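Fold and geometry: a report
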Amino acid sequence: MRILTVLAVLTFAVPAAAKPWQGIEPGVSKRDEIIKKFGEPSRTVRQDGKEIIAYLAKEAIKGTTQAQFKVDPDTQLVERIDVFPGPIIDKETVENSYGPACPSGAAPATPCYLRKLTDDFRTYFLYPRLGLAIFFNENGKTVQSLTFTTQKAAK
């Protein structure tokens, strides 16, 4: 009985939504909200059955060099947001903003990251509770990009 209670608490303790960026939330926000908020994009392309709405160069969103929104063309829902920051962001800023490394053992109720490696051996922090992955430059110290997605996709 105690195990069932713990499982029930864990099931309801984690919200279904992802961390929003600039008011756009993966799995909740729709395509038209992006255009309404940020204006006409620099580029819109189809890739792997998804629509990619990109803001770069003179249309780049403030604080970024580029932002891309992946949208399901059937549901018009935003599935993923890739943000390439303009200013330099370091690991300490990431931890102060989103949370520290997860301790060994049971994950805490607050957001924490799991340190991972990409196929080309670059470090990234995965925040499963936030639906957020933060990828670092080759130096391993500064942020290359942030990816906001649904928590389900982040696992």
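For the structure itself, look to the data block above.
Here is a short report on the structure shown in this document. (Residues numbered from 1 in each chain as written. Predicted model: local features only at pLDDT ≥ 70, side-chain atom pairs only at ≥ 80, totals over all residues. Heavy atoms only, no water.)

On a plain count of helices and strands, the chain comes out with four helices and eight strands. Secondary structure elements of the chain, listed N to C terminal, follow the sequence α-α-β-β-β-β-α-β-β-β-β-α. Within the chain, the proportion of its 155 residues that are buried is 36%. The contacts in the chain between residues at least 6 apart in sequence include a share of 35% that link residues at least 24 apart. (Helix = DSSP H or I, 4+ residues; strand = E, 2+ residues; numbered from the N terminus. Buried < 20%, exposed > 50% of the residue type's maximum accessible area, 1.4 Å probe, protein only. Contact = heavy atoms within 4.5 Å.)

Inspection of the entire model under this criterion finds six salt bridges. Glu51 serves as the salt-bridge partner of Arg31, at 2.8 Å between the closest nitrogen and oxygen. Taken together, the positions of Arg31 in helix α2 (residues 31-38) and Glu51 in strand β2 (residues 50-56) put the pair 20 residues apart, joining distant regions of the chain. Judged by its relative accessible area of 22%, Arg31 is partly exposed. A salt bridge links Lys50 to Asp72, with the nearest nitrogen and oxygen atoms 3.4 Å apart. With Lys50 in strand β2 and Asp72 in the loop between β3 (64-71) and β4 (78-85), the pair connects residues that are 22 residues apart, well separated along the chain. A relative accessible area of 13% means that Asp72 is categorised as buried. In the salt-bridge network here, residues are joined through shared partners; they are Lys50, Asp72 and Glu79. (Salt bridge = Lys/Arg side-chain N within 4 Å of Asp/Glu carboxyl O.)

Counting 26 residues, the largest nonpolar core has Trp21, Ile34, Phe69, Tyr98, Tyr127 and Ile134 as its most contacted members. Sorting the residues of this core by element identifies α2, β2, β3, β4, α3 (91-98), β6 (123-127), β7 (132-136) and β8 (143-149) as the ones contributing at least two each. Excluding residues that lie within four positions of it along the chain, Phe69 makes contacts with Trp21, Ile24, Ile34, Phe38, Glu51, Ile52, Ile53, Tyr55, Ile61, Arg80 and Ile81. (Core = buried A, V, L, I, M, F, W, Y, C linked by side-chain atoms within 4.5 Å.)

Moving on, we get to the side chain of Thr118. Locating Thr118 in the fold gives a position in the loop between β5 (114-117) and β6. A polar atom in the side chain of Thr118 sits 2.3 Å from the side chain of Asp120. Ignoring any residue separated from it by four or fewer positions in sequence, one finds Thr118 in contact with Tyr124 and Phe135. (Polar contact = N/O pair within 3.5 Å; in protein donor to acceptor, adjacent residues only side chain to side chain.)

On to the sheet that holds β5, then. Taken in spatial order, the eight strands of this open sheet run β1-β2-β3-β4-β8-β7-β6-β5, and their pairing is antiparallel. Unpaired on one side and paired on the other, β1 (43-47) and β5 mark the two borders of the sheet. Averaged over all pairs of adjacent strands, the angle between strand axes in this sheet comes to 20°, irrespective of strand direction. Examined bridge by bridge, β2 and β3 share six bridges and lie antiparallel to one another. In the strand pairing of β3, Ile52 is matched with Lys70. Against the sheet, α2 engages β1, β2, β3 and β4, with an angle of about 10° to β2. (Pairing = 2+ DSSP bridges. Axes fitted to C-alpha atoms, helices over the stretch in contact; angles between N-to-C directions.)

Of note in this structure, Asp48 is not a glycine but carries a positive phi near 50°. Inspection of the secondary structure assignment puts Asp48 in the loop between β1 and β2. Residue Asp48 is classed as exposed on the basis of its relative accessible area, which comes to 73%. We note that Gln76 has phi near 65°; this positive angle belongs to a residue other than glycine. Relative to the assigned elements, Gln76 resides in the loop between β3 and β4. Residue classification places Gln76 among the partly exposed positions, given a relative accessible area of 28%.

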